[in-house]
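Coordinates in review
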Amino acid sequence: MKRFAKTIRQEFLDYFAKNGHTIVKSSSLIPANDPTLMFANAGMVQFKDVFVGAEQRPYTRAASCQKCLRVSGKHNDLEEVGRTARHHTFFEMLGNFSFGDYFKPEAIELAWSLITKEWGLNPERLWVTVFGGADGIAADTQARTYWKKISTLPEARILDMGMKDNFWAMGDTGPCGPCTEIHYDLIGNSDVSAEDFENGRIVEIWNNVFMQFERFGDGRMQPLQKTGVDTGMGLERITAIINQENSNYHSDLFMPLIEAVANICGKNYTHSNSEDDVSMRVIADHARTTAFLTADGVQPTNEGRGYVMRRIMRRAIRHGKRLGLDNLFFARICDDVVENMGETYPELNETRALISKVADLEERSFRRTLDTGLRILADEVNQAELHQQSKLSGEVVFKLYDTYGFPKDLTDVILAERGLISDDEGFAKEMAAQKERSRGSDVGEAAISDIYKELKKKLGEIEFIGYLHETEPLDKRDGVWRWHHDSNTEYLETECKVIALVKDGIEIKKIEHQANAEQQVFDLLISPTPFYAESGGQVGDTGIANNDAGFTALVLDTVKPIDGLPICKVRLLQGAIAVGDKIWAGYNANNRKNTRAHHSATHLLHGALRKVLGEHVKQSGSLVDAQHLRFDYSHFEAPTREQLALIEDDANAWVTLNNDIVTEVLPFDKAKQKGAIAFFGDKYGDIVRVISIGASVEFCGGTHARNTSDIGLIIITREESVASGVRRIEAQVGFAARATIREMSQRLNTAYDILTQKMNKPNDIQNPILTSIIKTVRHAQELSATISDSGGSPTKANTSIANPISLPDEFTLVQARQVRDLWHGLQLLVNARASEVDDVLSHYRAQDTGLLAAFAALLTSNKENERLIEENKRAALSSSTADLVQQARVINEITVLTARIDDTEAKSLRELADRLRQQLGSAILALGGSSEGKTTLLVAITPDLTKRFHAGKLIGQLSQIIGGKGGGKPDFAQAGGNKPEALTEAFATLEKLIGEA
């Protein structure tokens, strides 16, 4: 009877729970504690800091089923996926861990008992490898002894292996130790040879690592004070073995997806290595990866993790095309992943709509790209044949592979049909560079200095006592508190103890102010701390530290390099401080209050975005400080103005309800049951803080307002795209929002004064939008004067408008929105092209007080007056044609005309040159001039002379004289430059060239 993977997964976790292990949920695929990894690639990744002693957990033995991804760095086996029975991109790693608890005998007994007694694997098919000793490290005789005692395996099936196979290290330095691997014979009932460990008959199913040494930079190893156990067993592989399948793909983890692909393409899956079967397996594997990466906040892009994700998705889509799937299909398979695995991994259900949208849009985009790639390949082949080349460059072949999804073998087939080959060496070079781009050494968090790891190990968790609201009476708070006023800033201080000092990466005991020293900046660690350390998008607190002995320091920032270790970045102003001293430490109360309001507003906006745009919306990053908030979210098109108004209305509606903001500290699973949404990129423990604000229920460790009314007002100030599938909304709340709206109102009134010419000194204006309006007004005056001086009648714009905005002291959301929209409309008009003016006016008609219409009218009148002036110039040029013809001279039996005509557009010069050629019949012309700081020179030649003279070649020589460059056809060429004073020399040079011809 077939065993379901979910049953095997649960049996593993239940077994270790029964044996005293804490079941730990899978961490995100995005590592939170390892800057060297692009993705979590093993079950121990989330426990790395525990193993090195940088993090303490409330348990010493754990078990998990960890989401893993191996597609970059040394695990880059992407081309093997679907072709072998056991290569995958995404997989689940079952593991049990001991942190200074049990060691080799218990680990071996737990493993043997599970696979033989609980799961019933035949011991006759099991083989074990142990570390046989190498490089001066003794053989692991202990593991061999325990295996013989516990398993009764014969000596012949306990094999010694070397460093490569059975010694594990976290890196060049750090914890390391021997490991023992359990292997399974897929065939049985026949003799086993050494080759069977390489050809796939004998497969590894479980690796148990015994961390017992620490390796140092000089190669030395010494025993660890606390040994550890780290194991890993792939769920896909053990499920196939328990069900006696010869391929991981033939379990219920993959078959529903493979069968769905088969149904869509109308082909049978034959359980073979046919190309069709390979394609179906690739699609199933890559759909799992796509779904899980999207759920963990990754989007397909052209760099980093998104680059790897895009390659995986496009590989699946290309295999779909290979199967003949001309219609969109990938989103359907990704949705099947959610259907099959959403119960085990709730994040899939939470992002179901987003997963489908990401898959759909990427497939649409890539199908267009594939068609482009085919055209590019055809063009490259044609060019190669034209130049009699037998080989297509490796750069082109790789571009087709990497950008357009063409496998190299497909390109080779197409080339062979045309008698060409590809540059394999060049392709390999490009592939190596691509692997370097995706290896992940520069991703994740910044590398954590060893000093902080040591401090965390020595000091443990530092308590943050800043969650209490500032409205709480000081005598109701834990500890001793006081208000401190300094330079118009109010600090809320508490008594605490200095527990560590760090300067330039070195722990020190004392630091003293030196009058002639440069800025003395150092790290201050205090316990308890009232300072919030930057995390979850919220900036760290600033403040002050002092004592009665004359010590004073400014807290410039508060950071958290390791969870539970808040560090104040401070600048010493006076006095001295030493470890063990008691001090007063206080945060900027006003900044904290405003930051809390902005942070709470992000939750309301997140809820409103999901309500208006759809449940697929998920946070992709944020920044919150005292002045504004920035919120990145997953969505694939710009919200309409009406949608943004609904989002703003919904968020502000909660503000006016005066609801208390509820904070709860709950076990992670209970918080998820409550419906709490996790924020992308944050790391959550087993106990989490849940913030309930209006309809929003989210995990969040930040500080928040007491009541929604404390937020005051939420104004969206900007919305834009920041990446494929990711948009950004920026907003301000409370005091900051009101200050911004008042500033916008003042600018609008200044714009009114400029347009109606009521401002006496517009030169004092610094704002670029207002400066542009001033230039537009002055330009209108200049144009009008020019036309009037020539006896014409300029077009006049009606700028007689009412004063646009008058804000009361306590303005409403509707009034604030009108000011903001009117200012944004004015910004758009200033930067709009002529064809866009009417659209802007139509878009902001409801907000316009006449200001936008007046400015648009001025822009329109300026365009009309510019046209009138240009027409006058053309008319003048036309009338001067006869005079210019009279200036022509004969050089070397050729009629030559050179003339300088300033303040004339290049278009008008070209029209004049055409008329002059017609008048002269046979001639070479050179016309030049300066207009608005630009120099133009053109050469025109009548058809009868183009065999002797080439205008493009002549202009190439002349353009250098005027400090520019140009080119053109045999009969006409043009150049631009920056030396109008050199036009006379250019004309003389042309005449000389003609004379010497």
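Keep in mind that what you see is a predicted model, and the values were worked out from it rather than measured. (Residues numbered from 1 in each chain as written. Predicted model: local features only at pLDDT ≥ 70, side-chain atom pairs only at ≥ 80, totals over all residues. Heavy atoms only, no water.)

This part takes up the environment of Asp165. Take Asp165: it is sitting in helix α5 (residues 163–166). The residues touching Asp165, leaving out its near neighbours within four places in the chain, are Cys179 and Glu181. (Helix = DSSP H or I, 4+ residues; strand = E, 2+ residues; numbered from the N terminus. Contact = heavy atoms within 4.5 Å.)

Attention now moves to the sheet that holds strand β25 (residues 687–693). Strand order in this open sheet of 3 strands is β24-β25-β26, and the pairing throughout is antiparallel. In this open sheet, the two strands that pair with only one neighbour each are β24 (662–667) and β26 (696–699). With direction set aside, neighbouring strand axes in the sheet form an average angle of 25°. In the sheet, β25 pairs with β26 via 4 bridges, with the strands oriented antiparallel. Following the sheet pairing, Ser692 is matched in β26 by Val697. Here helix α17 (residues 589–613) sits on the sheet and contacts β25 and β26; the angle it forms with β25, its principal contact strand, is near 75°. (Pairing = 2+ DSSP bridges. Axes fitted to C-alpha atoms, helices over the stretch in contact; angles between N-to-C directions.)

Bringing the pairing of strand β34 (residues 972–977) into the picture now. A regular strand places its side chains so that they alternate between the two faces of the sheet. The sheet contact formed by strand β32 (residues 934–941) and β34 spans 6 bridges and is antiparallel. The partner of Ala940 across the bridge, within β34, is Phe972. Strand direction decides the pairing type here: strand β33 (residues 965–968) and β34, joined by 4 bridges, are antiparallel. Note that in β34 the partner of Lys965 across the bridge is Gly976.

Extensive coverage of strand β4 (residues 126–131) is indicated by the burial of 6 of its 6 residues. Residues Leu126, Val128 and Val130 of β4 are buried on one face, and the alternating residues Trp127, Thr129 and Phe131, pointing to the opposite face, are buried as well. Direction of pairing for β4 relative to strand β7 (residues 174–185): antiparallel, over a ladder of 4 bridges. In the strand pairing of β7, Thr129 is matched with Glu181. With 4 bridges connecting them, β4 and strand β5 (residues 158–161) associate as parallel partners. (Buried < 20%, exposed > 50% of the residue type's maximum accessible area, 1.4 Å probe, protein only.)

Going through the model one piece at a time under the given rule, you end up with 50 salt bridges. Where Lys457 meets Glu454, a salt bridge forms, and the shortest distance between an N and an O atom there is 3.8 Å. Placement of the pair is Lys457 and Glu454 together in helix α16 (residues 450–459), with a separation of 3 residues, close to one helical turn. When its relative accessible area of 40% is taken as the criterion, Lys457 is described as partly exposed. Across the pair Arg867 and Glu864 runs a salt bridge, and its minimum N-O distance is 2.3 Å. You can see Arg867 and its partner Glu864 sitting in helix α24 (residues 851–879), 3 residues apart, about one turn around the helix. (Salt bridge = Lys/Arg side-chain N within 4 Å of Asp/Glu carboxyl O.)

As a further point, take the state of the cysteines. Per the stated rule, a full pass over the model turns up 0 disulfides. Between Cys176, a cysteine without a disulfide, and Cys179, which holds the nearest cysteine sulfur, the sulfur-to-sulfur distance is 11 Å. (Disulfide = S-S within 2.5 Å.)

Working note: a packed helix pair is described by the angle between its axes plus the distance between those axes. At a minimum axis separation of 10 Å, α24 and helix α26 (residues 906–920) run at an interaxial angle of 25°. Classified by the angle between their axes, α24 and α26 sit roughly parallel to one another. For the element pair α24 and α26, the recorded crossing hand is right-handed. Listed contacts from α26 to Glu870, Arg874, Leu877 and Ser878 of α24 are Lys907, Ser908, Glu911, Leu912 and Arg915. By residue class, the composition of the contact of α24 with α26 is 2 nonpolar, 2 polar and 5 charged. (Parallel < 35°, antiparallel > 145°, perpendicular 65-115°, else oblique. Left-handed = near helix turned anticlockwise from the far one by under 90°. Nonpolar A, V, L, I, M, F, W, Y, C, P; charged D, E, K, R; others polar.)

Next up on the list: the nonpolar core. Counting 107 residues, the largest nonpolar core has Phe12, Trp119, Ile205, Trp206, Ile238, Phe330 and Leu348 as the members making the most contacts within it. Broken down by element, the residue count for this core peaks at 9 residues, all from helix α12 (residues 352–386). When near neighbours in sequence (up to four residues on either side) are disregarded, Trp119 contacts Arg3, Ile8, Glu11, Phe12, Leu114, Met233, Ile238 and Ile242. Ile774, Ala780, Leu829 and Tyr844 belong to the second largest nonpolar core, which has 37 residues in total. (Core = buried A, V, L, I, M, F, W, Y, C linked by side-chain atoms within 4.5 Å.)

In short, geometric facts, not functional conclusions.
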